[in-house]
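Residues per chain, in single letters:
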Amino acid sequence: LKRFFSAKAPRHTVHLAGRQTPPGLCETMAPLRAALVFGLALLVGADTSCEGDAACAALQREAAEAEALELRQLRAKESSSEAEVLQARRQAAEAQLMSAEKQLAAVSQEESRLYEAAEGEEGSIRCGDVYCASGIGSHCCHGILSGSHYAICCGSTGRCKRGLDGMALCTR
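Student: Kindly report on the sheet that holds strand S5 (residues 130-132), identifying the contributing residues and their values.
Tutor: A sheet is described by the order of its strands in space; here three strands give the open sequence S3-S5-S4, paired in antiparallel fashion. Strand pairing shows two members of the sheet lacking a second neighbour, strand S3 (116-117) and strand S4 (125-127), which therefore form its edges. As judged from the two bridges shared by S3 and S5, these two strands associate in the antiparallel manner. Bridge assignment links Ala117 to a residue of S5, and that residue is Tyr131.

Following this line, the structure appears as structure tokens:
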């Protein structure tokens, strides 16, 4: 780049259709022009037919089969790496779900106190070790936490559900 911007750089200009090209453009375009000419020469000069030559046709078939095999291997590699990415995403999502369900179970246990009644209270419904109040639509929800069975009371708008680990959840 120094050469293009220094005062000592030669100032060559080429006139094309009455226009002047900026200094240095010809030198910059030379490698591109060479690659284009080389590619065209290969394309025009290549004879891809093997009419009447069994050995040539066999070589062409073998080359095509090798190319197809490489393509299948590349696709399989891409597919397996995509499967690994998806598996990692699934594991991360399941970990988030488990964490969210633990939080929901903790909130459900705290909310349960709002719908509980004292033992022997008129109309109360026994729910494991607790009693759910009657007349407000509360209901019992059973779950498992750390291998132990437990129960909570869900309100009238809550639906009883079990989480992935069997935890009792009151959902809306």
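The structure having been displayed, the exposition proceeds.
Student: So what's going on with the nonpolar core? Residues and values would help.
Tutor: In this structure, Ala105, Cys141, Tyr150, Ile152, Cys154, Met167, Ala168, Leu169 and Cys170 together form the largest nonpolar core, which totals nine residues. Elements that contribute at least two residues to this core include exactly strand S7 (148-154) and strand S9 (168-171). Apart from residues no more than four positions distant in its own chain, Tyr150 is found in contact with Gln109, Cys141, His142, Gly143, Ile144, Leu145, Met167 and Ala168. Membership of the second largest hydrophobic core comes to six residues, among which are Tyr115, Cys127, Val130 and Ala151.

Student: Tell me about the confidence of the model for the protein chain, residues and numbers included.
Tutor: Of all residues in the protein chain, 71% attain a pLDDT of 70 or more, and the chain-wide mean is 78. Across residues 1-7, confidence stays below pLDDT 50; counting only partners more than four residues off in sequence or on other chains, it has seven contacts. Every residue in residues 9-16 scores below 50 in pLDDT, and together they form 14 contacts with partners more than four places removed in sequence or on other chains.

Student: Can you tell me about helix H3 (residues 54-112), naming the residues and giving the values?
Tutor: Along its 59 residues, H3 runs 84 Å from first to last C-alpha, staying within 8% of the 87 Å computed at 1.5 Å per residue. Restricting attention to buried positions, one finds in H3 the residues Glu101, Ala105, Ser108 and Ser112. Contacts from the buried residues of H3 go to S3, S7 and S9.

Student: I'd like to hear about the pattern of salt bridges, residue by residue, with values.
Tutor: Counted by the stated rule, this structure contains two salt bridges. One salt bridge in this structure joins Arg90 and Glu94, with 4.0 Å as the shortest N-O distance. Of this pair, Arg90 and Glu94 both sit in helix H3, separated by four residues, roughly a single helical turn. Owing to a relative accessible area of 54%, Arg90 belongs among the exposed residues under this scheme. Residue class for Glu94 comes out partly exposed when judged on its relative accessible area of 42%. Residue Arg172 is joined to Glu111 by a salt bridge in which the shortest nitrogen-to-oxygen separation is 3.8 Å. With Arg172 in the segment after S9 and Glu111 in helix H3, this pair connects stretches of sequence that are 61 residues apart.

The rules behind these values
- Residues numbered from 1 in each chain as written.
- Predicted model: local features only at pLDDT ≥ 70, side-chain atom pairs only at ≥ 80, totals over all residues.
- Heavy atoms only, no water.
- Pairing = 2+ DSSP bridges.
- Helix = DSSP H or I, 4+ residues; strand = E, 2+ residues; numbered from the N terminus.
- Core = buried A, V, L, I, M, F, W, Y, C linked by side-chain atoms within 4.5 Å.
- Buried < 20%, exposed > 50% of the residue type's maximum accessible area, 1.4 Å probe, protein only.
- Contact = heavy atoms within 4.5 Å.
- pLDDT = per-residue confidence, 0-100.
- Expected span 1.5 Å × (residues − 1).
- Salt bridge = Lys/Arg side-chain N within 4 Å of Asp/Glu carboxyl O.

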